[in-house]
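Observations on the model geometry
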Amino acid sequence: MSTRELYTKGARVWIRHPDKVWEGAEVVGDYTGGSMKVKSEDGTVHDLKVKSDNDLPPLRNPDILIGENDLTSLSYLHEPAVLYNLQVRFCRQSAIYTYCGIVLVAINPYDELPIYGSDTVWAYRGQAMGDLDPHIFAVAEEAYTKLEREEKDQSIIVSGESGAGKTVSAKYAMRYFATVGGSSTETQVEKKVLASSPIMEAIGNAKTTRNDNSSRFGKFIEIHFNKQFHIQGASMRTYLLEKSRVVFQAAEERNYHIFYQLCASRDSLPELHLRHQDEFHYLNQGENPIIEGVNDAEAFEETTTALSLLGFSQREQADMFKILAAILHLGNVTIRDAVTEGDGNGGDSEGSAIAANDKNLLILAELLRLDANEMRSWLCHRKIVSMREVFFKPMTVTEAVGARDALAKHIYAELFSWIVTVVNKALESSGTSQRFIGVLDIYGFETFEINSFEQFCINYANEKLQQQFNQHVFKLEQEEYLKEEIEWKFIDFYDNQPCIDLIETKLGILDLLDEECRMPKGTDSSWVEKLYSKCTKWKHFSRPRFGTTAFLIHHFADNVTYQSDGFLEKNRDTVLEDQINVIKNGQNKLVRKLFSDEPDGRKLNVPAAKVKVTVAKPTALPSSSSKQHKKTVGSQFRDSLNMLMATLNATTPHYVRCIKPNDNKVPFEYNPVRAVQQLRACGVLETIRISAAGFPSRWTYADFFHRYRVLCKYKDIQRNNMRATCEKILGNIIKDDDKYQFGKTKIFFRAGQVAYLEKLRADKLRQCCIIIQKQIRAFICHKKYLRKIKATRCIQRYARGFIARRQVYHIRRNKAATTIQRHIRGWLKRTQFGRIKLCVLGLQARARGLLARRRYQQLRYNHKAIIIQKHVRCWLTRRKYLQTIYRIILVQSVVRRWLARRLYKKLKQEARSVEHVKKLNKGLENKIISLQQKIEELVKENNMMKSTQHELAELRIKVDSLKGLEAETKRITLILNNKEQELEAVLKSLEHERDEKIDLVNEKEHLEKARKEELERMNGENIKLKAELDELNERIKSNQIGAEEILKARLEEEKLFLIREHDQDRDAYQKLLADYNSLEQHNEMLEMEVSRLQRGGANASGAKKEHQRSLSNASTASATSELPDDDYGYGSVRSTASVTSSGSHQKLENIDWNQQQGRKSETVSPVGQKPPEQIDVGLVLKLQQKLKDVEKERNRLQKRIEYLEKEDSPSDDAAKTQDTFKLQELEMENAKLKTDLAALRKVTADGETGGQELLKQLETCQLELDRRREECIQLHSVLANQTKGLKSVASNNYSSHVDIINEDGELVLAFEAQKKINRQLEDELQAEKTRWQAERVEFMQEIEKLREDNDRQQKLLSVNLTMSPQTQTEAFMQHEITRLTSENLDLQEKCDVLSEQCRKYRKQIKLLAKKLKDVGVTEAVNDGEALPSTAVALPQDQRSNLPVVRKKERDYMGMFEYRKEDAQIIVKHLIYDLKPRVAVSLLPGLPAYILFMCIRHTDFANDDEKVRSLLTATINTIKKVIRKRHEDLDTTVLWLTNTLRLLHNLKQYSGDKIFQTENTQKQNEQCLHNFDLSEYRQVLSDIAVWIYQGVIRHLEERVQPMIVPAILEHEAISGLSGQKPGGMRGRASSFVRESELPVDAQKALDTLLQELTAFHRSLGFHGVDPEVIIQVFRQLFYFISASSLNNLLLRKDLCHWTKGMQIRYNLSHLEQWIRDQRMQETKVLDTLQPIVQAAQLLQARKTDEDVQSVCDMCDKLSMYQIIKILNLYTPADEFEERVPISFIRKVQATLQERAGPQEQATLLMETKFSYPVRFPFNPSNIRLEDIEIPECLNLPMLKKV
């Protein structure tokens, strides 16, 4: 089929778009040639001109291929397909990583993603690169695996433009290597490798407009590995540091981070004299120094921590900070214009100067310890050396500022190089490294509006890297074709070599640049002219159209125009040598080290130093020869780049291309224009082009046949020859043989052929569906037609009857309706006429009134208008008159002014005469005299007025006071009158009340008489009271039962709370124990190594042997060094005598803790080994003590609960109810009295007499009395009715013999007896209530005590977890001191009493032993039993003279006697030599029983040394066996069983009552009497936990290879394929790992179930406790669930509906296995819920209506896991719909509402999580005296006693 035939109607294509780059469209009609009409997504129709088939628009891929992990797996490989696939993965699926062949494309999300945890690292460990979702960890794993297998150096090349995330990707790759290849030594090199990142970011990263943490240098980090492929060291090379940023930053940019960190921490560094960052010239040019979300002070602390970790001393750090601060102060040195005197001509010249008191220069001199005057001079002058003399020339301000900035850049570059050198020294390995993995973090291709020397070097480096990349991709592509033995043509690819030759060959750009730099008068313009003349022959070089200072280079990514300004200066990188000499002469040691004279050879050896080397420093005596050998920056960069390329070519490269999605740093926003620019620049599209030129789509024969089986006939299928079958399928479909090739194992297709095959497959399936639908629809329609006919006839029958009935009903309704209507209409008409008549009359009246009011209003308006007109006309006339007057006055003023002027002139002339002046003076004197007289008179009048005013004010005050007195007098008079009236009223009311009280007294007497008369009738109420008493008794019983249930529920809650807390403590303790075991194993390895070295040294030098310890001492020392307890672990087993012999207790204040700690460390630590850390030991002891306390309190509570359950409290609710009623009545009366009292007080406070209030209260009392009287009457009537009822019952029963009932006064006697019974019951109820309340108070106090102790322990534990180790130790010691003090105070008295008794018994024993010895008895017989511990050995001659003592016939005591020297042999035969196959045939736990019976004998003999040696040897041998045979499951299970059995035996026979509840009388007699082995029980418990963890670890390693094949890949449902075809799953792995799979996927589930059954059978055979078996499988199934879910979350090809059904079916087999093993009632099934819910999520409907149901269903999955599965969900076929984006957003919003604040932001489950281990006490019913030793154990030295 030709390409033209694919462009039919409905075909989907890509067309160009100005903003989106490419836009999807659909072909409107079949393409015939010339033009094509397409309809875009927005509905616009475009007419495309097609000149040839090559101009046809690109076709779109099928929907099933959209969102693939690998771009090369797309059928159509072109630019729009790549752009769209990346956009779908990034925006819809939130997937930032995508493969493109061997390249990993990483898009910066600008957001934190939970995909970099340690669980993710271990999920990718051991996985091929195409098995899981694309990830940076997959690339790192590929490199690490190739390093292991091929033993060849690897490299990871990370490139991209600024802000694309290169540094972060490189950091995560190194983190992966540090986690997977952790160093086995104690140096922890991997931590140092990670610690180098914050240092390099601080000194080499800065904020730019594109990135807040942009690396301004390139680096290549080599991570070295040893033979075991553990990290052994590292080294770093740096390239092209951007030194210009030190002195200049563009707008919105920053300098290097370290400067801002120093300024933020200036308070802690006062010696640097730093100020705010905005006050430094080198820091304030960008005008935006703040980075959102970054705290520079905290970053500085992280930097200093990393410096300390990498070996920077405090002195070096201080000097380094001084140099950095000096650079800032150097930038603030002010250089001003100055005029200097000329030397020869006597004229002045322009120069510069620095003020003598310049503060910044003085600080600079102080920090660098140099001469300030000398530096001031050389910052403004330069020295010119000629052949004969030296000239000193002043520099202008511009030149001086340039020299100052050059000096600052040079100092920073030298400091940067020194830091890198020190970091390399810290990272270098001590031994010889075998291989390395290099991580190259280098700048990507750059092009700006103005491109300078830095962009030229960067693009030159990218040309070299792109050339190497193209060659590697081409090589891999051709190797694949050769491997499959297919015919192929040479693939043409872009060759970068001509462009590289243009730059680096002879007479190239760099060569001409160096030549121009060597010219004395070389300039940028002259260099450009040379380029125009020499380089025009290269096709990659051209001259721009405009300007003569630029040149253009055609790079592989784009054409870049470079401006030549500054090229020569940057290439020379010159610094004035006089300034350098001043700095070198300073006293700062670090500065002198930086600028020390070094040979040029070292400076030029770039690769050997593995650091970025700056230009050679100027020497003190420059010469022409030295200048000629001085290398330029371009030459150095070329040499280092060539060395880098040589290193990369010697390694296997892996590529990571980082893409910046947008320039606004918005999370998950995709800009296609920016993306396509970077894809072209980084070579991704070139990889696509190379793949598309060959055969990009590759299918195995089985996958191809499975996918396209529908395209062939049954007769063409050959099951035994898949290749022949595939050839027939393709031969019938594709006629062009060039479109595909058949390889050895795969079919290779050209681009687009898979899409064509998918189209044919879809058409075929559609036709088949149509045929099936046709038949099914015909059958359905026929059945539906028959049902309709039957239903229609039935409906007609019922409808006709219904219509007839309805017609009759309507006829009757119409008749009745007409009758009703006739009457209703008549009534309505009459009513309507009356209303209309009233309405008309009302309207007429109101209308007439309205007209009259209108006429009246009109008359008023006319009258008012006339008045207004009158006033307005008057106002107008008056205004006109005023205006006329104003004009007249104005004219008069003008005339008068003119006359006054004329008079003024005349008077002016007269005033000049003397006489006129005299006249005027006389007149003035008279006027002044008269004015003075007037002033005196006015002053007198003023004084009089003031005095009058004061008198008037006083009078007013007096008047006001008199008015107030008058008002007060009136008010008081009024109050007196009111009080008199009230008094009269109160007197009257009192008299009235006195009369009423007399009446009440009389009435009371009458009532008493009536009560006495009715007393007999009241006695009849006894029957009613009895009934009520019975009812109350029943209520009391029910309430008692409810109270007990509530109490039990509360106790159960407290118990569960304590158990949960116990589990948490146990979990923490077991984690510490696991860490301790690993450290212990490492310690043993070191001890073995030390002993080996010591033996070697002893043999070589013949030195003296070390002190040899006894066997018991050696075992004790080894035990104490291996176990996590302190020295008092094994050696603290004391008998009663040893306890008493220890002397009296010291006071707590006199204890020297330091000495004890020192002795402890001396006794524990072996020779040549450091003592163990005390913090872990303290925490272990604290947890042990807490566990003991919790156990004791739990047992005490349990006993208390049992005691309460046994006792039945009597029913006391009747008394309680009666008391409650009385209390309520008293409270009501009290409240009423308080209310009355308050009212009286209020009335009294208001000044009233209170009579009214008393009257009201008396009325209330009267009402209350009436109410009580009515209640008495009602009660009497009820009693009378009951008595009458009793009489009627009696008369009915006895008829005429009613008197028989009360014969001889029986009723009276019964009544009296019933009253006594009632009183007795009341007394008993009251007593029982009192006792129950006392017990309840005691119980509540105990619960409160437990809560307080629990809170204190929780606080202590939380504080310990958050404190530093030293603070933890102090807090722990303080807690232990408090606890021990309280315990010692309680135990002191007991200890003293016991000590006194022990002393007496010792004296008696000594006297008796002496008497027996004198008599000559060899054995002391006590009650017929031998006491071997007190036997006295006698000589042989004395024994023969004594009579023989015969032993009596007796039963066995359940113990084995042995000699002390046989302990090691017993332990060896019983533990070390015991094989699991032999142990299975014996009694489960037999070794534990034998060991315990030996312990019983040592207890019987009271030999503490013997029991210590036996237990120590037992523990050490168990550890030795487990360490040696830890890979043997049966051995570990065997000793887990025996360790637990020995632990249970020590508990059962310890003598503690808590462990004796199920013992027999004989077992209680066999308890230990002399030894308290509680501490050994803890040690055995620790060993059991350690063995248990080893069993779990072994089981997990066994089942791990089967989990993914069995749970995820196994397809048990036939006909339902859940596996995506191999040709659509993306890239194939670089390794063929299918052969490494342990089992076939189709057999994996059965194999897994068989393994689980074998595990369960092994645990059962060895007699493991059922509770422990459940814990083992709970932990194992959690691991299965976590591993399978983590793999599912990282595999897109498994996330579809059919695979979800397969997974759920596979999990059902595991659930059924759990039920078969009868573990369904436990929590084992719950551990599978996460993977079960994930499978259900794949099968669930995904519409907007199902959002809530999906969220409720997946309650065991986190929000990130649910969203990840929904994003990964990909239909396996095109007929299945994708998950809508709206559905995912709604689910995410719902889950965010549901999620709590403490939900962790993690994606994968923690596979290393372990549940807390619990070993419940399991006593044995086996009698010790019945146990015999089989011969197979080879223990003849044991003697049964």
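This text follows the structure it describes.
Read on for an overview of the structure.

The rules behind the values
- Residues numbered from 1 in each chain as written.
- Predicted model: local features only at pLDDT ≥ 70, side-chain atom pairs only at ≥ 80, totals over all residues.
- Heavy atoms only, no water.
- Helix = DSSP H or I, 4+ residues; strand = E, 2+ residues; numbered from the N terminus.
- Polar contact = N/O pair within 3.5 Å; in protein donor to acceptor, adjacent residues only side chain to side chain.
- Contact = heavy atoms within 4.5 Å.
- Buried < 20%, exposed > 50% of the residue type's maximum accessible area, 1.4 Å probe, protein only.
- Pairing = 2+ DSSP bridges.
- Phe/Tyr/Trp six-rings, centres within 6.5 Å; stacked < 30°, edge-to-face > 60°.
- Lys NZ or Arg CZ within 6 Å of the ring centre and 35° of its normal.
- Patch = residues over 30% accessible without salt bridge, like charges linked within 9 Å, V, L, I, M, F, W, Y side chains within 5 Å.
- Areas by Shrake-Rupley, 256 points an atom, 1.4 Å probe, with all protein chains shown as cover.
- Salt bridge = Lys/Arg side-chain N within 4 Å of Asp/Glu carboxyl O.
- Lys, Arg positive; Asp, Glu negative; His and termini not counted.
- Charge placed at Lys NZ, Arg CZ, Asp CG, Glu CD.
- Axes fitted to C-alpha atoms, helices over the stretch in contact; angles between N-to-C directions.
- Expected span 1.5 Å × (residues − 1).

Here we look at the side chain of His-654
- Counting through the fold element by element, His-654 comes out in strand β20 (residues 652-659).
- At 2.8 Å, the side chain of His-654 forms a polar contact with the side chain of Gln-154.
- Setting aside chain neighbours within four positions, we find His-654 in contact with Val-139, Glu-142, Ala-143, Lys-146, Gln-154, Ser-155, Ile-156 and Ile-157.

Some points on the pairing of strand β10 (residues 218-225)
- Among the 8 residues of β10, 8 are classified as buried, and the element is accordingly described as predominantly covered.
- Side chains Gly-218, Phe-220, Glu-222 and His-224 project from β10 onto one buried face, and the interleaved Lys-219, Ile-221, Ile-223 and Phe-225 project onto a second face that is buried too.
- The antiparallel pairing of β10 with strand β11 (residues 231-239) creates a hairpin that spans 5 residues between the two strands, and Phe-229 there sits at a positive phi of about 60 degrees.
- Across 7 bridges, β10 lies against strand β16 (residues 435-441) in antiparallel orientation. Within the sheet, the bridge partner assigned to His-224 lies in β16 and is Phe-436.

With respect to the packing of aromatic side chains
- Scanning the model with the defined rule gives 39 aromatic pairs in all.
- Ring centres of Trp-14 and Tyr-84 lie 5.3 Å apart, and the angle between their planes is 55 degrees; on these two criteria the pair is classed as tilted. Of this pair, Trp-14 sits in strand β1 (residues 12-17) while Tyr-84 sits in helix α1 (residues 79-92), and the two are 70 residues apart along the sequence. As far as burial versus exposure is concerned, Trp-14 and Tyr-84 are alike and both buried.
- Look at Phe-1492 and Tyr-1549: their rings are 5.0 Å apart centre to centre, the planes differ by 35 degrees, and that puts the pair in the tilted class. One end of the pair, Phe-1492, is in helix α42 (residues 1486-1501); the other, Tyr-1549, is in the loop between α44 (1529-1548) and α45 (1561-1565), with 57 residues separating them in the sequence.
- Classification of Phe-1492 as buried rests on a relative accessible area of 0%.
- Overall, the relative accessible area of 1% leaves Tyr-1549 in the buried class.
- The side chain of Arg-1525 reaches across the aromatic face of Tyr-1472, ending 5.1 Å from its centre.

A closer look at a negative patch on the surface
- Among the surface-exposed residues, Glu-991, Asp-995, Glu-996, Asp-999 and Glu-1259 lie close enough to one another that they form a single negatively charged patch.
- Sorting elements by how many residues they give to the negative patch places helix α28 (residues 914-1013) first, with 4 residues.
- Relative to the helices and strands, Glu-991 is located in helix α28.

What to know about the sheet that holds β10
- Taken together, 7 strands build an open sheet; the order of strands is β5-β6-β20-β7-β16-β10-β11 and the sheet is mixed. Taken across any chain shown, the strands that pair with only one partner, and hence form the sheet edges, are β5 (97-100) and β11. Neighbour-to-neighbour, the strand axes of the sheet open up by a mean angle of 20 degrees, direction not taken into account.
- Here helix α4 (residues 166-180) sits on the sheet and contacts β6 (103-107), β7 (154-159), β10, β11, β16 and β20; the angle it forms with β16, its principal contact strand, is near 160 degrees.

Digging into α1
- Its 14 residues give α1 an end-to-end C-alpha distance of 20 Å, which sits within 8% of 20 Å, the value for a rise of 1.5 Å per residue.
- Along α1, 11 of the 14 residues are buried, which leaves the element largely enclosed by surrounding structure.
- Of all the residues in α1, the buried ones are Glu-79, Pro-80, Ala-81, Val-82, Leu-83, Tyr-84, Asn-85, Leu-86, Val-88, Arg-89 and Phe-90.
- Of the residues one or two after α1, Ser-94 is the one with positive phi, at around 55 degrees.

Some thoughts on the pattern of salt bridges
- Scanning the model with the defined rule gives 42 salt bridges in all.
- Ionic pairing is found between Lys-1764 and Asp-133, a salt bridge with its closest N-O pair at 4.0 Å. Linking Lys-1764 in helix α52 (residues 1759-1768) with Asp-133 in the loop between α2 (118-124) and α3 (136-150), this pair joins segments that are 1631 residues apart in sequence.
- Accessibility expressed as a relative area gives 5% for Asp-133, which makes it buried.
- Linking Asp-153 and Arg-435 is a salt bridge whose minimum nitrogen-to-oxygen distance equals 3.9 Å. Remark: Arg-435 occurs in strand β16 and Asp-153 occurs in the loop between α3 and β7; sequence separation between them is 282 residues.
- Relative accessible area serves as the criterion here: at 14%, Asp-153 is assigned to the buried category.
- Within this structure, Glu-161, Lys-660, Asp-663 and Arg-674 form a network of salt bridges that share partners.

By themselves, these observations are geometric and do not establish any function.
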